[in-house]
Amino acid sequence: DGGITQSPKYLFRKEGQNVTLSCEQNLNHDAMYWYRQDPGQGLRLIYYSQIVNDFQKGDIAEGYSVSREKKESFPLTVTSAQKNPTAFYLCASRGASSYNEQFFGPGTRLTVL
Amino acid sequence: AQSVTQPDIHITVSEGASLELRCNYSYGATPYLFWYVQSPGQGLQLLLKYFSGDTLVQGIKGFEAEFKRSQSSFNLRKPSVHWSDAAEYFCAVVGGGADGLTFGKGTHLIIQP
């Protein structure tokens, strides 16, 4: 079945550590996105990528980094510079047209201890 | 800049009663509008979308939504709710980076027996 996978589902990190969240899709989509979700805040865009080896900052990119070396993969690194990293992180992808909706992965819940 | 407002943070409905969730958007051009549903700890699932044409759109799980340009609204409706409809509902408009989505803050739906 085609879809988006995110791993791990739960992640715990000590303060000062970097951590990388995985996102993989087999939908052959060009565009991929990372969102952060906090209670009562909706989803906010962190980074997005339209093609391999290219990505752009979203609304809240500070303290995060990404790479897009393969079409299928768009990992997100939460660095120690992110002041409040505890949140639910969602990855999404979209097909070629603006008419195409975004498909979401199941999410990763990151908790900083 | 585009924005989405969901005026109701929480809504409580009795099982079997009708439902309407409100969504207002701000967007300069013809909007592409979406409704997503999220169960606790899960990713988002698309309920329905509007791009053009008939202003009443049908979605999955018995949901429908009506686009009203004059009111800048895209309200979600269901004639009879089921306990399994309890979830978080997000309205979104295309307009972020790389045709990303701008989300409302969500409406939490509670179903009373």
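The written sequence of each chain sets the order in which its residues are numbered from 1. Throughout, the order in which chains and ligands are written sets their labels, letters from A for the former and numbers from 1 for the latter. Local features in this predicted model are restricted to residues whose pLDDT is 70 or higher, and side-chain atom pairs enter the listing and the counts only when it is 80 or higher, whereas totals over whole chains, interfaces and linings include all residues. Working from all heavy atoms in the structure, the side-chain values ignore hydrogens and water.

S.K.: Sorry, what's going on with the nonpolar core here?
M.R.: In summary, soluble globular proteins display a tendency toward joint burial of nonpolar side chains. Within the largest apolar cluster, 26 residues are counted, with the highest numbers of intra-cluster contacts made by Leu19, Trp35, Leu47, Leu48, Phe74, Leu76 and Tyr89 of chain B. Elements with a contribution of two residues or more to this core: β2 (10-14), β3 (19-21), β5 (33-38), β6 (44-50), β8 (64-68), β9 (73-78), β10 (87-94) and β12 (107-112) of chain B. Residue types Ala, Val, Leu, Ile, Met, Phe, Trp, Tyr and Cys, when buried and joined through side-chain atoms within 4.5 Å, form a set referred to as a nonpolar core. Relative accessibility decides the category of a residue: with a 1.4 Å probe and only protein chains considered, values under 20% of the type maximum give buried, values over 50% give exposed, and everything between is partly exposed. Counting 21 residues, the second-largest nonpolar core is a separate cluster that includes Tyr33, Tyr48 and Leu90 of chain A together with Phe34 of chain B. Per the convention used, a helix needs a DSSP run of H or I reaching at least four residues, while a strand needs a run of E reaching at least two, with both numbered from the N terminus.

S.K.: Hey, could you run me through the state of the cysteines in this one?
M.R.: By definition, a disulfide is the covalent link that joins the sulfur atoms of two cysteine residues. All names here are of chain A. A pair of sulfur atoms, both from cysteines and within 2.5 Å, is called a disulfide here. Under the definition given, this model contains 2 disulfides over all chains. Cys23 shares a disulfide with Cys91; S-S distance 1.9 Å. Taking the sign of the S-S torsion, -70° for the link of Cys23 and Cys91, the bridge is left-handed. Of this pair, Cys23 sits in strand β3 (residues 19-25) while Cys91 sits in strand β9 (residues 87-94), and the two are 68 residues apart along the sequence.

S.K.: Got a minute to help me understand unusual backbone geometry in this structure?
M.R.: What is expected of a backbone is that most residues other than glycine have negative phi and most peptide bonds are trans. Residue and element names in this part refer to chain A. Cis geometry marks the peptide bond from Ser7 to Pro8; its omega dihedral reads -10°. Tracing the backbone through its elements, the reader meets Pro8 in the loop between β1 (4-7) and β2 (10-13). One non-glycine residue, Asn28, lies in the positive phi region at around 60°. Despite not being glycine, Asn53 has its phi angle at roughly 65°, a positive value. On the secondary structure map, Asn53 appears in the loop between β5 (43-51) and β6 (54-57).

S.K.: I tried to follow the side chain of Thr102 of chain B on my own but got confused; where do I start?
M.R.: All names here are of chain B. In this structure, Thr102 sits in strand β11 (residues 101-103). Among the residues examined, Thr102 registers a relative accessible area of 18% and is labelled buried. We call two N or O atoms a polar contact when they sit within 3.5 Å, provided that within protein one can donate a hydrogen and the other can accept it, with sequence-adjacent residues counted only if both atoms are side-chain atoms. Within the structure, Thr102 has its side chain in polar contact with the side chain of Gln2 (distance 3.1 Å).

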